[in-house]
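Chain by chain, the residues:
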Amino acid sequence: MRIHATAVSIGGRAVLLTGASGAGKSDLALRLIDRGAVLIADDQVELRAREGRLFAAPPEAIAGKIEVRGVGIVPMAFAEDVPVACIIDLDTRPERLPEPRTQTLGGVAVPVAAVDPREISAPLKVELLLSGGAIPLD
C-alpha cells in the first residue's frame, strides 16, 4: 500500500510524518535528518505488512530524493524496509495531555501522536515520543 507521507528512520524505527500538502512533512524530516535520522521516503511511502508488523520503504521512482522547498529536489542517502514505530500527525492540533490513539494501516495498529511541525521543539518531541514518551512502543 502507498500512502501520502514522509518517512524517516530514527534508531532503526520508521516514523511516518502525515499531513496535507504544505503541512511541513519534508521540513520536519530535514530537521530530524540534521539530528541523525535517515530519509526513507518523501511525499509517498510504500508500506508492507509482514508477520504482524508494518515496514516502510521508498517507491522506486523517488528513492533517495527529498523535495526542499525553495531549493528543489535533493539527492540523499536513504533507508528501506524499516519497521514502522509511529505516525506523527501534522494536521491535528496537539493536546496538552493527549490520550493514546492508533491508526490501522495494512491491518496493523500504529501509535499516533500530533505534533506542530512549526515549533522549534518539534524534532525533539518526535524523538521523545520514540524514546518511550507518550506513545507506548513495543
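For the chain, an unreviewed UniProt entry supplies the name Serine kinase of HPr protein (Carbohydrate metabolism regulator) and the organism Sphingosinicella soli.

This part is about the environment of Ile87. The residue Ile87 is located in strand β9 (residues 82–89) in this model. Sequence separation between Ile87 and Pro75 is twelve residues; the distance between their C-alpha atoms is 24 Å. For Ile87, the residues in contact, after removing those within four places along its chain, are Leu16, Thr18, Gln103, Leu105, Val110, Pro111, Val112 and Ala113.

What follows covers the pairing of β9. Judged by how many residues are buried, β9 sits mostly within the fold: eight of eight residues are covered. Across five bridges, strand β3 (residues 13–18) lies against β9 in parallel orientation. Across the sheet, the residue bridging to Val15 is Cys86, located in β9. The pairing of strand β6 (residues 53–57) with β9 spans two bridges and is antiparallel. Its bridge partner being in β9, Phe55 is matched across the sheet by Pro83. Alignment of β9 against strand β11 (residues 108–114), held across three bridges, turns out to be parallel. Counterpart to Ile87 in the pairing with β11 is Val112.

Let us now look at the environment of Gly64. Note on placement: Gly64 falls in the loop between β6 and β7 (65–68). Sequence spacing of Gly64 and Glu80 is 16 residues, and the spatial spacing of their C-alpha atoms is 9.9 Å. Sequence-distant contacts of Gly64, that is, excluding residues within four places in its chain, are made with Leu39, Val74, Pro75, Met76 and Phe78.

Definitions and cut-offs
Residues numbered from 1 in each chain as written. Predicted model: local features only at pLDDT ≥ 70, side-chain atom pairs only at ≥ 80, totals over all residues. Heavy atoms only, no water. Helix = DSSP H or I, 4+ residues; strand = E, 2+ residues; numbered from the N terminus. Contact = heavy atoms within 4.5 Å. Buried < 20%, exposed > 50% of the residue type's maximum accessible area, 1.4 Å probe, protein only. Pairing = 2+ DSSP bridges.

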